[in-house]
Amino acid sequence: MGLSAAAPLWGPPGLLLTIALHPALSVPPHRDYCVLGAGPAGLQMAYFLQRAGRDYAVFERAPAPGSFFTRYPRHRKLISINKRFTGKANAEFNLRHDWNSLLSHDPLLLFRHYSQAYFPDARDMVRYLGDFADRLGLHVLYNTTITYVTLDKDRQAWNGHYFILTDQTGQAYQCSVLLVATGLSVPNQVNFPGSEYVEGYESVSVDPEDFVGQNVLILGRGNSAFETAENILGVTNFIHMLSRSRVRLSWATHYVGDLRAINNGLLDTYQLKSLDGLLESDLTDLAIVKDHEGKFHVTLKFFLEENNANQSADSITLPQDNSDNFAMRVAYDRVIRCLGWNFDFSIFNKSLRLNSGNPFDMKYPLIRASYESKGSRGLFILGTASHSVDYRRSAGGFIHGFRYTARAVHRLLEHRHHGVAWPSTELPITQLTSSIVRRVNEASGLYQMFSVLADVVLLKENATAFEYLEEFPMLMLPQLETLTGRKARHGLFVVNMEYGKNFSGPDKDVFFHDRSVGHTEDAWQSNFLHPVIYYYRQLPTEQEVRFRPAHWPLPRPAAIHHIVEDFLTDWTAPVGHILPLRRFLENCLDTDLRSFYAESCFLFALTRQKLPPFCQQGYLRMQGLASTESLRQHGVESRLLRDYAAVGRHLEDSSQHSGDHGPVDALPDPGPPVQSLDNNKEEL
């Protein structure tokens, strides 16, 4: 049937087009994966999706990536370090000290090529993110502002529903999985009387000349507050900083989001009594009033409640009226709010259940340790907004942390929706020690996401081999088999990086005498970041993880081993690091993990009931090391082998000396095959 014959069924020719374009009847464009935001986290996830060949799109409201960094930080200096030189050629190790690069296969897309500054300018980050998206050809829809997100129930969908996104033009998009990487973009504000007089960090002038000779009060005590103070410190009469909690210094808390040394000039001027100062008070108890000269006074909220709140400071009771040494009895010319940021919940329909309504949940969305929303399956939070998983505990709110959590989320999605198991390496058990040593000395994800992402070693039957999984979310350990497609039937090790349990906190003296632990027997008391290995006979349960001991990242294991902290963070010392680790692994596995030469395996087969795994898997399968003169000599020198050549020469000399050239009836006793060695160095 031709088109002309079909036309009467549809009526007028324009009707078909009208129906197709009607928003209620048309099917929105579909993507398997939708990523909101083309900042660092969004681009990082887009990279992983593209490498896997998945159907995805990134929605970005600005005309280019990294729009947050075009405006923030206001004074343009980043606090993420750009360490360009480490003395090492290992790319994975160097990422431990590169806090700005995203993960990719392109060596040119390392941030050190974009700035020489240790603390780079934010404009360099904008340029870097633009190149990252362009060079890798990532699928980003720019100038597309998603204004509303809701659910559409559908049993055929991957997660039982689709996510429907609507942009500023009314165009709808249908997504199977939604990955939200919009960061924290809503300024945190505290409601108190007089808050209308306060200038926000997001809009206050950054020109120091605007503050010459002024008295300034800053509300807040994070890096944005100190960054603002640092900018005007040299031109103001004084700066007072007010917050509900005491200052937290990052070198004391070991949390990179606390106050960094680059911004703490005001601490000097405060402690050295140069007029500037820090105060603690709950902002909700205070009020700000304006006098007839346009200056601002701090008072208590209940004073306003007793009087007419609309009166000026000239007629309202002030704290200094009752206490003439009240700390903030001076008048201020400017009051600046620097209280951080919150997640923007406004575009999400309540059916997605992203928050519960309590104050902390207004800062971050409600998510699991897998970074999936607690309220909507298939909705994942990436980047800074996912920091609730490790808030003040690790680096998940920063590029050098969330580049690894984004990779973990991608691996979870690959298994859930495409049947691709979590990447792993299977090796013979004799390589277990060296595999762990390599990872704790090189891996950047373990190092930066300490106590959040951990390596998992899954043992095979009879502990003859193992599978090594990298950077798995620790708190999801009970669901490991479901999330990864790997089996944990014969026990497992978890390799984590940890600080000492009593070494971090705003009230800790982290410079105390003898803070460093150097003896292997005291390794469990190590304070600085160091590797910790947990051994479980089976996967812990969800209840065990939930009710684990306080300050423990995991439930109590069957056995635990701390590798003693190292000043150089180089855990390769044969006696101090490797030998205790190998002994621990051997004790857990009830076996010997040393590798032996073929001759030694032959002697073991003749004299011992149980052979080391190396002999079982190598020599007896004709896969052992081929015997050479150099190997034999090395075995002799290391006292693992008897010098049979010397014995033969001795016999030959004896025979010639006695004149007896007949067969030898008895050989001298070759001695014990392998004696227990005298000290740790010889045991290696």
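Residues numbered from 1 in each chain as written. Predicted model: local features only at pLDDT ≥ 70, side-chain atom pairs only at ≥ 80, totals over all residues. Heavy atoms only, no water.

A closer look at the environment of E209
- Of note, E209 is situated in the loop between β8 (199-200) and β9 (215-219).
- On the accessibility criterion, E209 (58% relative accessible area) is exposed.
- Sequence separation between E209 and I232 is 23 residues, and the spatial gap between their C-alpha atoms is 8.4 Å. (Helix = DSSP H or I, 4+ residues; strand = E, 2+ residues; numbered from the N terminus. Buried < 20%, exposed > 50% of the residue type's maximum accessible area, 1.4 Å probe, protein only.)

Observations concerning the pairing of β9
- Burial of β9 is extensive: five of the five residues sit out of reach of the surface.
- Pairing between β9 and strand β10 (residues 238-243): five bridges, direction parallel. Along β10, the bridge assignment pairs L219 with L242.
- The β-α-β motif built from β9, the intervening helix α6 (residues 223-232) and the parallel element β10 has right-handed crossover chirality.
- Of the pairings in the sheet, the one linking β9 to strand β14 (residues 334-337) comprises four bridges and is parallel in character. Each bridged residue has a counterpart across the sheet, and for L217 the counterpart in β14 is V335. (Pairing = 2+ DSSP bridges. Right-handed = clockwise from strand over helix to strand, strands pointing away.)

Here's the deal with α6
- Counting buried residues along α6, eight of its ten residues qualify, which places the element largely inside the surrounding structure.
- All of the buried residues in α6 are N223, S224, A225, F226, E227, T228, A229 and I232.
- Residues of α6 that are buried in the fold lie against β9, β10, α8 (265-271), β11 (277-280) and β14. (Contact = heavy atoms within 4.5 Å.)

With respect to the sheet that holds β14
- Taking strand neighbours across the sheet as the criterion, the five strands line up as β8-β14-β9-β10-β11 in an open arrangement whose pairing is parallel. Because the sheet does not close on itself, it has two edges, and the strands there are β8 and β11.
- Along the sheet, α6 makes contact with β9, β10, β11 and β14, crossing β10 at roughly 175°. (Axes fitted to C-alpha atoms, helices over the stretch in contact; angles between N-to-C directions.)

Some thoughts on the nonpolar core
- Counting residues in hydrophobic clusters, the biggest one holds 116 residues, and the most contacted among them are L36, L165, L178, L179 and F348.
- Element by element, the count of residues in this core is highest for helix α11 (residues 399-418), at eight residues. (Core = buried A, V, L, I, M, F, W, Y, C linked by side-chain atoms within 4.5 Å.)

A look at empty space enclosed by the protein
- Evaluated as defined, the whole model comprises two cavities of 30 Å³ or more.
- Taken as a whole, the largest cavity encloses approximately 50 Å³ of empty space.
- Lining the largest cavity are F192, L217, L219, L242, L283, L286, I288 and V298.
- For the lining of the largest cavity, the secondary-structure elements that each account for two or more residues are β9 and β12 (286-290).
- Residue classes in the lining of the largest cavity are distributed as eight nonpolar, no polar and no charged.
- Size it by volume and the second largest cavity reaches roughly 50 Å³.
- If you go around the second largest cavity, the residues you meet are P187, Y201, E202, S224, R337, C338, L339, G340 and W341. (1 Å grid on protein atoms, 1.4 Å probe; cavity = no way out; pocket = protein on both sides within 12 Å on 5 of 7 lines; lining within 4 Å. Points joined across faces, edges and corners; volume = space filled by probe spheres on them. Nonpolar A, V, L, I, M, F, W, Y, C, P; charged D, E, K, R; others polar.)

Some words on the layout of surface pockets
- There is about 1100 Å³ of room inside the second largest pocket.
- Lining the second largest pocket are 33 residues, and of these W99, H254, Y447, Y499 and F528 sit closest to its centre.
- In terms of residue class, the lining of the second largest pocket is built from 19 nonpolar, eight polar and six charged.

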